[in-house]
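Structural characterization, general
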Amino acid sequence: MTIGASVGHYTIIETLGTGGMGEVYLAQDTRLGRKVALKILPRHLASDPERRARFEHEARAIAALNHPNIVTIYSVDQDGDTYFITMEFVSGSTLSRLIPPRGLPLRQFFDFAIPLADAIGAAHLEGVTHRDLKPDNVMVTDAGRIKVLDFGLAKMRPAFLDGSAVTTAATARPRTLAGQILGTVPYLSPEQAEGKPTDHRSDVFSLGIMLHEMITGQRPFEGDSSASIVSSILRDPVPPITAINPALPSRLAAIITRCLAKDPAQRYQSAIDLRADVDGVRQDVISGIITLAVPAAPSGARRVRVFAGASLAGAVALAVLAAWYWSPRDTAMSPSSEPLPAATFEQVTHGEGQELFPTLSPDGRSVVYVSDATGNADIYAQRVGGENTINLTRDSAAVDTQPAFSPDGERIVFRSDRDGGGLFLMGATGESVRRISDFGYHPAWAPDGHQIAYVTQSVIDPSVRFTTSQLWIVHAATGAKRLVSEGDAAQPSWSPHGDRIAYWGRTAGAGSGDIWSIAVAGGEPVAVTTEPSMDWNPVWTPDGRHLYFASDRGGAMNLWRIAIDEKSGKPLGKPEAVTTGVGAAAQHIAISRDGRRLAYAARVESTNVQKISFNAVAGVTVGTPQWVTRGSRSVAQPDISPEGTQLAFNSLGKQEDLFVAHADGSSLHQVTDDGFKDRAARWSPDGRRIAFYSDRSGKYELWLVNRDGSDLRQLTHSPGAHYPVWSPDGRLMAFSTHSPNGAGIFNATTPWSAEQVRMLPAIPDATQSFEVWSWSPDGKRLAGQKHLADLSHAGIAVHEIGSNRLDWLTDFGEWPVWLRDGRRLLFSDRGTLYLLDSVTRTHRELMRLPQPSLGSVSLSLDNRNIYFTFMAAEADVWVMTMGK
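Remember, predicted model here, so these are calculated numbers, not experimental data.

Turning our attention to the overall build of the chain. Helix and strand counts for the chain come out as eleven helices and 57 strands. Among the 884 residues that make up the chain, the fraction classed as buried is 56%. Entry remark: accessible area of the chain is about 35200 Å², with carbon and sulfur atoms responsible for 51%.

With that settled, consider the sheet that holds strand β23 (residues 471-475). Spatially, β21-β22-β23-β24 is the arrangement adopted by the four strands of the open sheet, whose pairing is antiparallel. Edge positions in the open sheet fall to β21 (441-445) and β24 (481-485), since each of these has one partner strand only. Ignoring strand direction, the axes of neighbouring strands in this sheet form an average angle of 30 degrees. The pairing of β23 with β24 spans four bridges and is classified as antiparallel. Its bridge partner being in β24, Val474 is matched across the sheet by Lys481.

Moving on: the nonpolar core. Among the nonpolar cores identified, the biggest contains 52 residues, and Phe109 and Met214 are the most heavily contacted of them. Looking at this core element by element, the count peaks at ten residues for helix α4 (residues 106-125). With residues near it in sequence (within four places) discarded, Phe109 still touches Leu104, Leu211, Met214, Ile215, Leu252 and Val278. In this structure, Tyr693, Phe746, Trp752 and Phe870 belong to the second largest nonpolar core, which totals 34 residues.

Of note in this structure, Phe357 is not a glycine but carries a positive phi near 55 degrees. Its place among the elements puts Phe357 in strand β13 (residues 355-360). Look at Phe357 and you get buried, because its relative accessible area is 9%.

Under the counting rule described, the total for this entry stands at 21 aromatic pairs. Arranged with centres 6.3 Å apart and planes meeting at 90 degrees, the rings of Phe770 and Trp808 form a pair that is edge-to-face. Here Trp808 lies in strand β51 (residues 805-808) and Phe770 lies in strand β48 (residues 768-775), a separation of 38 residues in the sequence. Three or more aromatic residues joined by ring pairs form one cluster here, namely Tyr693, Tyr700, Tyr723, Trp773 and Trp815. Lying across the ring of Tyr268, Arg258 places its NZ or CZ 4.0 Å from the centre.

Spatial strand order, β17-β18-β19-β20: four strands in an open sheet with antiparallel pairing. Strand pairing shows two members of the sheet lacking a second neighbour, β17 (400-405) and β20 (434-437), which therefore form its edges. Put simply, the sheet's adjacent strands are angled 35 degrees from each other on average, direction ignored. The sheet contact formed by strand β19 (residues 422-427) and β20 spans three bridges and is antiparallel. Bridge pairing links Phe424 to Arg435 in β20.

Let us now look at the confidence of the model for the chain. Here the chain averages 83 in pLDDT, and 84% of its residues register 70 or above. Below a pLDDT of 50 lies the segment residues 158-180, which in the model reaches 68 contacts outside its immediate sequence neighbourhood of four places, other chains included. For residues 293-337, every residue scores under 50 in pLDDT, and the model assigns this stretch 67 contacts once sequence neighbours within four places are set aside.

We now examine the packing of helix α6 (residues 200-216) against helix α9 (residues 250-259). Each pair of packed helices can be described by the angle between their axes along with the distance between the axes. Contact geometry of α6 with α9 gives a least axis separation of 7 Å together with a crossing angle of 145 degrees. Crossing of α6 over α9 shows left-handed handedness. In this structure, α6 uses Val204, Phe205, Gly208, Leu211, His212 and Ile215 to contact α9, whose residues at the interface are Leu252, Ile256 and Cys259. Residue classes in the contact of α6 with α9 are distributed as seven nonpolar, two polar and no charged.

A word on the pattern of salt bridges. Where charged atoms of side chains with opposite charge meet at close range, the side chains can pair. Overall, the coordinates contain 31 salt bridges when judged by the stated rule. The closest approach of N and O atoms between Arg267 and Glu191, which form a salt bridge, is 2.8 Å. Residue Arg267 is found in the loop between α9 and α10 (271-287), and its partner Glu191 is found in helix α5 (residues 190-193); the two are separated by 76 residues along the sequence. The burial state of Arg267 is the same as that of Glu191; both residues are buried. With a closest N to O distance of 3.7 Å, Asp499 and Lys567 form a salt bridge.

Its 20 residues give α4 an end-to-end C-alpha distance of 28 Å, which sits within 8% of 28 Å, the value for a rise of 1.5 Å per residue. In terms of residue burial, α4 counts as a mostly covered element, since 17 of its 20 residues are buried. Directly after α4, the chain includes Gly127, whose backbone phi takes a positive value near 80 degrees.

Here we take up the pairing of strand β14 (residues 366-371). Here is the key point about a regular strand: its side chains alternate between the two faces of the sheet. The element β14 is largely enclosed, with a buried count of five among its six residues. Sheet topology note: the β13/β14 ladder contains four bridges and is antiparallel. Bridge pairing links Thr359 to Val368 in β14. Counting the residues between successive antiparallel strands, the hairpin from β13 to β14 contains five residues, one of them, Gly364, with a positive phi of roughly 75 degrees. Between β14 and strand β15 (residues 378-383), which pair antiparallel in sequence order, lie six residues; one of them, Gly375, sits at a positive phi of approximately 95 degrees.

Where burial is concerned, most of β15 is hidden: five out of the six residues are buried. Note: β14 against β15, six bridges, orientation antiparallel. Within β15, the residue paired with Val368 across the bridge is Ala381. When β15 meets strand β16 (residues 389-391), the two strands line up antiparallel, connected through three bridges. Each bridged residue has a counterpart across the sheet, and for Gln382 the counterpart in β16 is Thr389. Here β15 folds back onto β16, and the loop between the two strands holds five residues, one of which, Gly385, carries a positive phi near 95 degrees.

Close contact between α4 and α6 brings their axes to 11 Å; oriented N to C, the two are set at 170 degrees. In terms of orientation, α4 and α6 fall into the roughly antiparallel class. Only His200, Asp203, Leu207, Met210, Leu211, Met214 and Ile215 of α6 make contact with α4, whose side of the interface consists of Leu106, Phe109, Phe112, Ala113, Leu116, Ala117, Ile120 and His124. Of the residues assigned to the contact of α4 with α6, the class counts are twelve nonpolar, two polar and one charged.

Here the focus is the side chain of Thr529. With respect to the helices and strands, Thr529 occurs in the loop between β28 (526-527) and β29 (535-540). Separated by 2.9 Å, the side chain of Thr529 and the backbone nitrogen of Ile515 make a polar contact. Among residues more than four places away in sequence, those in contact with Thr529 are Asp514, Ile515, Asp535, Phe549 and Arg553.

When we look at burial in α9, the residues that qualify are Leu252, Ala253, Ile255, Ile256 and Cys259. Along α9, the residues classed as buried sweep out an arc of 160 degrees about the axis, all on the same side.

Okay, the environment of Gln756 next. Considering the arrangement of structural elements, one finds Gln756 in the loop between β46 (743-747) and β47 (758-759). The class for Gln756 is exposed, based on a relative accessible area of 70%. Gln756 sits eleven residues away from Ile745 along the chain, and the two C-alpha atoms are 8.9 Å apart.

You can see Pro462 is positioned in the loop between β22 (451-455) and β23. Separated by 73 residues in the primary sequence, Pro462 and Asp535 place their C-alpha atoms 8.9 Å from one another. Setting aside residues no more than four positions away along its own chain, Pro462 makes contact with Trp504, Met534 and Trp536.

What counts, and where the lines are drawn
- Residues numbered from 1 in each chain as written.
- Predicted model: local features only at pLDDT ≥ 70, side-chain atom pairs only at ≥ 80, totals over all residues.
- Heavy atoms only, no water.
- Helix = DSSP H or I, 4+ residues; strand = E, 2+ residues; numbered from the N terminus.
- Buried < 20%, exposed > 50% of the residue type's maximum accessible area, 1.4 Å probe, protein only.
- Areas by Shrake-Rupley, 256 points an atom, 1.4 Å probe, with all protein chains shown as cover.
- Pairing = 2+ DSSP bridges.
- Axes fitted to C-alpha atoms, helices over the stretch in contact; angles between N-to-C directions.
- Core = buried A, V, L, I, M, F, W, Y, C linked by side-chain atoms within 4.5 Å.
- Contact = heavy atoms within 4.5 Å.
- Phe/Tyr/Trp six-rings, centres within 6.5 Å; stacked < 30°, edge-to-face > 60°.
- Lys NZ or Arg CZ within 6 Å of the ring centre and 35° of its normal.
- pLDDT = per-residue confidence, 0-100.
- Left-handed = near helix turned anticlockwise from the far one by under 90°.
- Nonpolar A, V, L, I, M, F, W, Y, C, P; charged D, E, K, R; others polar.
- Salt bridge = Lys/Arg side-chain N within 4 Å of Asp/Glu carboxyl O.
- Expected span 1.5 Å × (residues − 1).
- Parallel < 35°, antiparallel > 145°, perpendicular 65-115°, else oblique.
- Polar contact = N/O pair within 3.5 Å; in protein donor to acceptor, adjacent residues only side chain to side chain.
- Arc of directions from axis to C-beta.

Okay, structure coming up:
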């Protein structure tokens with residue numbers, strides 16, 4: 001296949017690799033505007049029905065799987081006499097290229113080994129055995145995520161014949177044996193090497209070889225030829241990893257040795273159990289339960305001279321061990337970055353609901369945080385290691401949040417919605433509350449305790465931001481304010497010597513974020529991070545030598561740090577991953593003044609779709625909610641198709657794509673798959689197309705795509721367009737801008753260049769806007785919600801298109817949806833679903849969920865079923881105590 005040639009609606013860009021059962025190319029999907037990998041069956045094999053069946057075997061094997069660490073298959077297609085598989089293009093490096101001669105650092109080993117075992121365990125649960133596991137068939141993406149490739153030899157239930165496939169790796173030309181022996185020689189299991197029947201335990205053996213090589217840099221079975229390697233696999237004992245590197249944990253050596261048992265019955269019987277044991281070693285190393293020996297210094301390396309005394313020797317040992325364990329992914333510490341010391345972890349809060357925004361007292365002995373356990377956010381104080389809590393804002397019925405201890409520990413500044421909202425000061429035990437600013441969020445103290453930096457937008461979920469946030473400073477005693485920066489700035493942190501303020505901002509209007517710093521006097525900000533990841537929530541260390549921050553650059557939201565020059569704000573190295581001791585997303589970071597304790601909120605969240613039957617005549621729900629989607633993938637803004645058989649929604653997280661499933665959640669189909677933020681899928685009235693908004697043009701705009709993912713095209717060219725809303729006849733479309741101009745209406749059937757967009761009246765308060773969500777059945781009215789600067793919603797309104805009049809019906813609630821009668825509306829508010837009469841302006845409760853987590857609502861056209869998202873979230877405060 002030549003470069004530039006077309007296969008279906010794909011254009012060949014370059015060759016990625018070849019194998020016995022396929023040629024693999026990088027191609028451009030001209031419909032969806034994304035890069036994909038095409039595995040094309042050679043034409044001399046395509047005429048053979050058996051060969052085609054074998055080719056499709058790999059597609060069926062991968063299609064049976066749905067795991068973030070397994071390559072995604074999109075389709076099996078035919079263009080004339082060309083047969084091909086379309087799959088996810090993975091940009092990165094093969095694992096084989098990342099393993100250094102002496103093996104990976106222990107932390108990086110865990111980062112790769114655990115998701116690798118997790119992926120293979122998921123495949124085994126679906127009845128798929130890979131049978132060709134090796135480092136060349138594992139990619140590490142540019143973001144550091146593991147992706148398992150090449151299921152060309154996979155065995156599925158019901159079993160396929162062992163001789164029905166050959167290796168098809170795109171990343172290498174492996175050495176294989178003829179006949180019944182399948183796989184790549186150095187990674188064969190004994191039963192593969194002997195041509196015997198295989199099952200999932202064969203993959204466990206191959207995983208053991210890979211783990212051995214990853215941690216030591218050496219394969220356990222070597223030889224000068226394929227025959228000698230096979231002989232070693234069948235007969236030679238396993239060299240323990242501790243014999244190669246005595247500093248490695250003996251428990252890890254036992255795990256790998258068990259994987260490499262000659263008898264399958266003596267191995268791990270499940271890759272899931274293997275993953276659990278490897279993760280257990282990781283946790284024990286982090287907590288200090290496992291004590292490691294100091295690794296031997298490499299030959300030629302400069303050795304540390306120990307002058308005298310056991311304590312000094314121990315200190316040197318710990319320093320060397322920390323440097324070895326925590327060395328970054330490029331296996332070399334930057335000269336300005338010190339190794340992270342050993343740390344212990346303690347869960348401080350254990351209550352129901354979410355405990356967020358922790359702040360540590362200067363001595364690190366007490367933590368103050370926000371809890372919503374009672375249904376209203378209040379600020380609580382608790383001793384680290386203690387159980388008793390004190391509600392510092394119990395006398396206020398308003399939302400009180402985002403506390404920050406003053407440098408002397410005597411005062412707390414916080415955000416409150418009381419008395420119109422703003423920033424307030426109180427004593428450390430909740431006394432003497434007074435306002436210092438009538439606006440602001442995320443306050444941060446200057447080191448002198450006299451000034452406070454703050455911003456104009458609140459951030460809880462960093463991926464959901466539509467407007468920019470300004471950076472301000474207020475004097476705590478006088479209330480005098482000054483603007484520092486009009487550029488996007490969120491969650492500020494003042495440097496310890498008072499020179500600069502760190503913050504994070506969005507990148508070019510997209511969903512990613514970067515860390516910046518700016519001089520206190522203002523001026524040009526300096527970029528600290530520039531990668532295409534969500535970097536947010538920066539916090540200075542007390543010595544000013546590092547910034548800690550939250551980031552999803554490793555595949556999941558966690559803690560990172562970067563060395564920095566406090567005076568100039570320039571980074572001095574690459575970001576380093578910081579373990580949190582928990583598997584939850586870490587956010588809302590705070591550091592004690594002595595730098596020994598770091599507090600953070602560990603948050604676990606999943607959002608899925610539920611439905612409940614509805615009697616529209618009686619105006620009551622029937623029965624209890626039923627799950628439509630399940631699992632760890634969080635989804636948002638479901639929309640039921642006009643015929644009531646298909647449900648569209650978007651995923652949440654680092655990658656946000658559109659999905660379509662049957663109304664019961666089955667037959668899930670991915671409509672878009674790329675790095676852009678695709679949100680708010682809305683069916684056209686004829687059920688053939690889906691409108692949504694996306695940042696794929698660089699700014700949020702409205703887009704249109706067929707339900708099968710074809711014919712993707714841009715609808716608007718007005719930056720900041722959100723939330724498409726179809727008119728009942730499918731001719732017009734409304735959208736929202738999250739600006740004082742509010743919302744607009746345009747003709748969706750004509751080119752944008754010919755459009756005369758009609759903008760709806762703006763709300764007089766420039767910090768608010770009207771956000772359209774639903775078009776009445778008679779086409780005469782739009783229902784929507786009041787959108788505030790902090791991204792919250794505070795009221796339901798109806799816009800009369802003919803008179804251009806906006807009528808506010810409630811002062812709370814969001815996501816209003818019209819009933820067929822064109823008079824009543826459904827809307828939600830936190831955990832409650834309401835029915836609203838737009839004529840009498842009265843509302844009543846329909847359904848209350850156990851926690852305030854009911855999201856947007858979709859109503860079937862016959863009004864018999866209500867679909868909504870339900871978020872289950874837990875967050876607890878943890879404290880990491882670092883050694884000196």
